[in-house]
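One-letter residues, chain by chain:
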Amino acid sequence: MSAIEHPAGRQPDNRPAPEAGAPAPDRAQYGLAVLLAGIGGYTIYDATTLKVGFGDPVGPQAFPFVIGGVMLFLAVLLAVATARGDRGTAEAGEDVDLSQGADWVTVLKLVAVLVFTIATIDWLGWAITGALLFAGAAWSLGSRTLIRDLLVGAVLSVGSWYAFYSGLGIALSPGILDGIL
Amino acid sequence: MDNLDLLMGGLDAALSPENLLYAALGVVLGTFVGVLPGIGPAMAVALLLPVTFGLGPTQSFIMFAGIYYGGMYGGSTTSILLNTPGESSSVMTALEGNKMAKKGRAAQALATAAIGSFVAGTIGTLLVAFFAPTLADIGVEIGAPSYFAIVVLAMVLVTSVLGDSKLRGFISLFLGLTIGLVGLDLNTGQARLSFDQPLLADRLDIVVVAVGIFALGEALWVAAHLRRKPLEVIPVGQPWMGRSDWRRSWKPWLRGTALGFPFGAVPAGGAETPTFLSYVLERRLAKGREFGEGAIEGVAGPEAANNASAAGTFVPLLAMGIPVTATSAVMLAALTGYGIQPGPQLMSTESDLVWTLLASLLLGNALLLVLNLPLAPLWAKLLTIPRPYLYAGILFFASLGAYAANLQAFDVFLLLVFGLVGLMMRRFGLPVLPLILGVILGPLGETRFREALTISGGEVSGLFDEALAVVLYVIAALAIVVPLVLGALRRRDPAQEKERMLV
């Protein structure tokens, strides 16, 4: 949100939209509507597989039916609103620059770093995985001082391992460093 | 007075040297995390939840109280020194606060924010100590139908008051309700929406959901839109106020408190509305003098309103077990993590804990003032932290928090999933608060819903057989219908509307 120039009012739209006439629909929102419909539909399907207990007049199905049903309805409303040119206000923030297009490559790199973390956390242990997580994320975000990033990451991960172990009594996975830490 | 005695007892418990240390640690950590750009109070509390895992309930709440106020104060420091508010509630502070900073009065802006927060927080907490027990007494009396109606009303109000698109608010709310369904049904023990995964059937850890949506979602969103040139940070000296600053500040502090507390106490969408009202009020009363050029009243009022409303949210939280802001939703999650059942009976069953918590809030508030006035120049330095390190750090600590909860890699996977949900929500302008409330209030509401219908033998009329419930439904319906009708009548841009009110 351009809070600097328009402190008092919310700008209804941040992305550069065609000036005159109805703005082109935000096509990605159709995708969101389909996703919502899918979630709603699956919630209803899932509810039909539940058994109603004896002496339970409502059962575990009532809430999912209502939630799934409303979700389907909202998906339709969103699709209609999208066709009529309705757009969401993308969220602003201190470090967010909405005047440029989105940089999805960076996001993909970060997701890859997290997937690596999930895959190795039990095996390599928090001390190593955490350090790689920090260095990998910093690199994805544009830092080019790899050695320093790894060092900072190692200090953070080993430090947090010991802080949790001795301070809170929680042993984060030691992984292959078992016995060394 | 009875309540005052209990509060004194709580203060006694909170004032041991060990507890004071936890409170101070909480304030420092909370401010540290809250000052970091891109991190608001809710995210600060969610990220710091794991730090309290090994502590007992009392100590962790004392620390929480510090984190909470520290995080809020950190947020206002950012908005004054950077002019880019991270939270909707500090938009109004940034208006005059940043202009003051540009005029070389950053020290006074920070001081009036800190002292105003202290005044408002203290008055607010005392009001909570006064109102919450009374409300809880009423709360114990009301039946399942009315309780369910309160949950519905809270969800409707929060969803329809916030943001400019009600459709998006409700989408977000129902996404949250769907997430709240995942896991074992509490009555029949059947797994819902669990894809035959035993780890999902175990119900989702709310910490993982909150950290994913708030912290990871935000980090990924910022990564997609990272500002290439760094923001200009205004240097700041020791905060202090001159005689005229005091004279101009104390009335706005009190007026802001009076506006903020009721808005926090009734579920009406947190601090956005009262801070806005306070700003408008101060501007009117000052007859425009210096407003727009950095008027201290414009910082003092909204900051006090912000903190008073934060204190006010403890009334429904403690008396009814109903959170109305993202931060209080996370705190409620922490409560349940200790096996404490939130609800009207909380004040009687966990009386010691509640009063210690209230006393800790007072204490945290005072410590905030003592620690943060001298430390302000140091906090300002944090704003210049290199962005790759900042967001890599958020990823690191978010993963650490998710992993530390149960020591399962699966939780880090869930973190990633909810991080992507959070990213999607920011891309499509879906507000985050209704989702978190849906996750928390959904299961709470369902329990009462089924209770009410079990009593009535499945008759839908069982939901309406209490007068209070009917009244609450009428209010909820009005909250949806009235703005729609007004909007249709006026057909005006809401932005213009707000601007018109400001002039």
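What counts as what
- Residues numbered from 1 in each chain as written.
- Chains lettered and ligands numbered in written order.
- Predicted model: local features only at pLDDT ≥ 70, side-chain atom pairs only at ≥ 80, totals over all residues.
- Heavy atoms only, no water.
- Helix = DSSP H or I, 4+ residues; strand = E, 2+ residues; numbered from the N terminus.
- Buried < 20%, exposed > 50% of the residue type's maximum accessible area, 1.4 Å probe, protein only.
- Contact = heavy atoms within 4.5 Å.
- Areas by Shrake-Rupley, 256 points an atom, 1.4 Å probe, with all protein chains shown as cover.
- Rg over C-alpha atoms; globule rule 2.2 N^0.38 Å.
- Lys, Arg positive; Asp, Glu negative; His and termini not counted.
- Charge placed at Lys NZ, Arg CZ, Asp CG, Glu CD.
- Salt bridge = Lys/Arg side-chain N within 4 Å of Asp/Glu carboxyl O.
- Patch = residues over 30% accessible without salt bridge, like charges linked within 9 Å, V, L, I, M, F, W, Y side chains within 5 Å.
- Phe/Tyr/Trp six-rings, centres within 6.5 Å; stacked < 30°, edge-to-face > 60°.
- Lys NZ or Arg CZ within 6 Å of the ring centre and 35° of its normal.
- Axes fitted to C-alpha atoms, helices over the stretch in contact; angles between N-to-C directions.
- Parallel < 35°, antiparallel > 145°, perpendicular 65-115°, else oblique.
- Core = buried A, V, L, I, M, F, W, Y, C linked by side-chain atoms within 4.5 Å.
- pLDDT = per-residue confidence, 0-100.
- Expected span 1.5 Å × (residues − 1).
- Polar contact = N/O pair within 3.5 Å; in protein donor to acceptor, adjacent residues only side chain to side chain.

Visitor: Just checking my understanding: could you explain the overall build of chain A for this structure?
Guide: In terms of helices and strands, chain A carries five helices and zero strands. Listed N to C, the secondary structure of chain A is α-α-α-α-α in terms of helices and strands. Across the 181 residues in chain A, those meeting the buried criterion constitute 41%. Put simply, 56% of the contacts in chain A that link residues at least 6 apart link residues at least 24 apart. Accessible surface, chain A: about 8900 Å² in total, of which carbon and sulfur atoms supply 68%.

Visitor: How should the overall build of chain B be read in this particular structure?
Guide: Counting secondary structure elements, chain B contains 21 helices and two strands. At 22 Å, chain B has a C-alpha radius of gyration in line with the 23 Å of a compact globule built from 503 residues. The C-alpha extent of chain B, read off along each of the three principal axes, is 70 × 50 × 50 Å. Here chain B, with 503 residues, has 65% of them falling under the buried criterion. Across chain B, contacts joining residues at least 24 apart in sequence account for 79% of those joining residues at least 6 apart. Accessible surface computed for chain B: about 17600 Å², of which carbon and sulfur atoms make up 66%. The averaged location of the 33 negative side-chain charges in chain B is 16 Å from the averaged location of its 31 positive side-chain charges.

Visitor: Sorry, what's going on with the environment of Thr 327 of chain B here?
Guide: On the secondary structure map, Thr 327 of chain B appears in helix α14 (residues 326–337). Apart from residues lying up to four places away in sequence, Thr 327 of chain B is in contact with Pro 41, Ala 42, Val 45 and Tyr 68 of chain B.

Visitor: Hey, could you run me through unusual backbone geometry in this one?
Guide: With the exception of glycine, the majority of residues adopt a negative phi angle, and the majority of peptide bonds are in the trans configuration. Although it is not a glycine, Leu 193 of chain B adopts a positive phi angle of roughly 45 degrees. Relative to the helices and strands, Leu 193 of chain B resides in the loop between β2 (191–192) and α8 (198–201).

Visitor: Just to check I follow, could you spell out the interface of chain A and chain B for this structure?
Guide: A common measure of how large an interface is: the accessible area buried when the components associate. Taken together, the 84 residues of chain A in the interface contact 88 residues of chain B. In this structure, the connection of chain A to chain B is made through two salt bridges. Notably, a salt bridge pairs Asp 26 of chain A with Arg 427 of chain B, separated by 3.0 Å at the nearest N-O pair. Of all the secondary-structure elements, those providing two or more residues to the side of chain A that touches chain B are α1 (28–48), α2 (62–83), α3 (104–124), α4 (126–140) and α5 (146–167) of chain A.

Visitor: Could you clarify how one ought to interpret a nonpolar patch on the surface in this entry?
Guide: Judged by side-chain polarity, Val 460, Phe 464, Val 470, Val 474, Leu 478, Val 481, Val 482, Leu 484, Val 485, Leu 486 and Leu 489 of chain B come together as a nonpolar surface patch covering roughly 980 Å² of accessible area. Topologically, Leu 478 of chain B is positioned in helix α20 (residues 467–490).

Visitor: Teacher, can you tell me more about the packing of aromatic side chains here?
Guide: Centre-to-centre distance and the angle between the planes together describe a pair of aromatic rings. Considering all chains together, one arrives at 18 aromatic pairs over all chains under this definition. Consider the rings of Phe 63 of chain A and Phe 148 of chain B, whose centres lie 6.4 Å apart with planes at 65 degrees: the pair is edge-to-face. Note that Phe 63 of chain A is positioned in helix α2 and Phe 148 of chain B in helix α6 (residues 144–161), a pairing that runs across two chains. Residue classification places Phe 63 of chain A among the buried residues on the basis of a relative accessible area of 13%. On the basis of relative accessibility, which here comes to 10%, the residue Phe 148 of chain B falls in the buried class. Site record: aromatic cluster; members linked through ring pairs are Tyr 42 and Tyr 45 of chain A together with Phe 195 of chain B. Positioned above the aromatic ring of Trp 139 of chain A is the side chain of Lys 109 of chain A, whose terminal nitrogen or guanidinium carbon lies 5.0 Å from the ring centre. For Arg 448 of chain B, the ring lying beneath its charged end belongs to Tyr 147 of chain B, and the centroid distance is 4.0 Å.

Visitor: Sorry if this is basic, but what is going on with the packing of helix α9 (residues 206–224) of chain B against helix α19 (residues 433–455) of chain B here?
Guide: Helices that pack against each other are described as a pair by the angle of their axes relative to one another and the distance between those axes. Residue and element names in this part refer to chain B. Packing of α9 against α19 leaves a shortest axis separation of 11 Å and a crossing angle of 175 degrees. Overall, the two elements α9 and α19 adopt an arrangement that is roughly antiparallel. Touching Ile 206, Val 209, Ala 210, Ile 213 and Phe 214 of α9 are Leu 435, Ile 436, Val 439 and Ile 440, all from α19.

Visitor: In this structure, what is going on with the nonpolar core? I would like to understand it.
Guide: A general feature of soluble globular proteins is that nonpolar side chains tend to end up buried together. All names here are of chain B. Ranked by internal contacts, the top residues of the largest apolar core, which has 212 residues, are Phe 214, Phe 314, Leu 318 and Leu 358. If we skip the residues at most four places from it in the chain, Phe 314 touches Tyr 68, Val 128, Ala 319, Met 331, Leu 357 and Leu 361. Core analysis: the next-biggest nonpolar cluster, separate from the first, contains nine residues, Val 91, Met 92, Ala 286 and Phe 291 among them.

Visitor: Please clarify how the side chain of Ser 399 of chain B should be interpreted in this entry.
Guide: Within the secondary structure, Ser 399 of chain B is located in helix α17 (residues 387–406). Leave out the neighbours within four places in its chain, and Ser 399 of chain B touches Leu 114, Trp 126 and Leu 133 of chain A together with Val 412 and Leu 415 of chain B.

Visitor: Looking at this structure, how should I read the confidence of the model for chain B?
Guide: All names here are of chain B. Scored by pLDDT, chain B has a mean of 82; 92% of the residues are at 70 or more. The lowest-confidence element of chain B is helix α21 (residues 494–502), averaging 51 in pLDDT; the highest-confidence one is helix α18 (residues 409–427), averaging 93. Quick note on the complex model: pTM equals 0.83, ipTM equals 0.84.

Visitor: Sorry if this is basic, but what is going on with helix α2 (residues 17–35) of chain B here?
Guide: Residue and element names in this part refer to chain B. With 19 residues, α2 extends 27 Å between its outermost C-alpha atoms, agreeing within 8% with the 27 Å of an ideal straight helix rising 1.5 Å per residue. What α2 keeps buried is the set Asn 19, Tyr 22, Ala 23, Gly 26, Val 27, Gly 30, Thr 31, Val 33, Gly 34 and Val 35. For α2, the elements touching its buried residues are α1 (2–14), α3 (41–48), α4 (57–82) and α16 (351–382).

Visitor: I keep staring at the pattern of salt bridges and nothing clicks. Help me out?
Guide: One side chain can pair with another of opposite charge once the charged atoms of both are near each other. Residue and element names in this part refer to chain B. Under the definition given, this model contains ten salt bridges over all chains. We note a salt bridge from Arg 105 to Asp 245, for which the minimum N-O separation is 3.1 Å. With a gap of 140 residues between them, Arg 105 in helix α5 (residues 91–141) and Asp 245 in helix α10 (residues 243–265) connect regions that are remote in the sequence. We note that Arg 105, like Asp 245, is buried. For Arg 192, the salt bridge identified is with Glu 446, shortest N-O distance 2.8 Å.

Visitor: Help me understand the side chain of Thr 93 of chain B in this model?
Guide: Residues and elements named next belong to chain B. Positionally, Thr 93 belongs in helix α5. Accessibility expressed as a relative area gives 0% for Thr 93, which makes it buried. Side chain to side chain, Thr 93 and Glu 303 meet in a polar contact 2.8 Å long. What Thr 93 contacts, discounting residues up to four positions off in sequence, is Ser 76, Ser 79, Ile 80, Asn 98, Val 299, Pro 302 and Glu 303.

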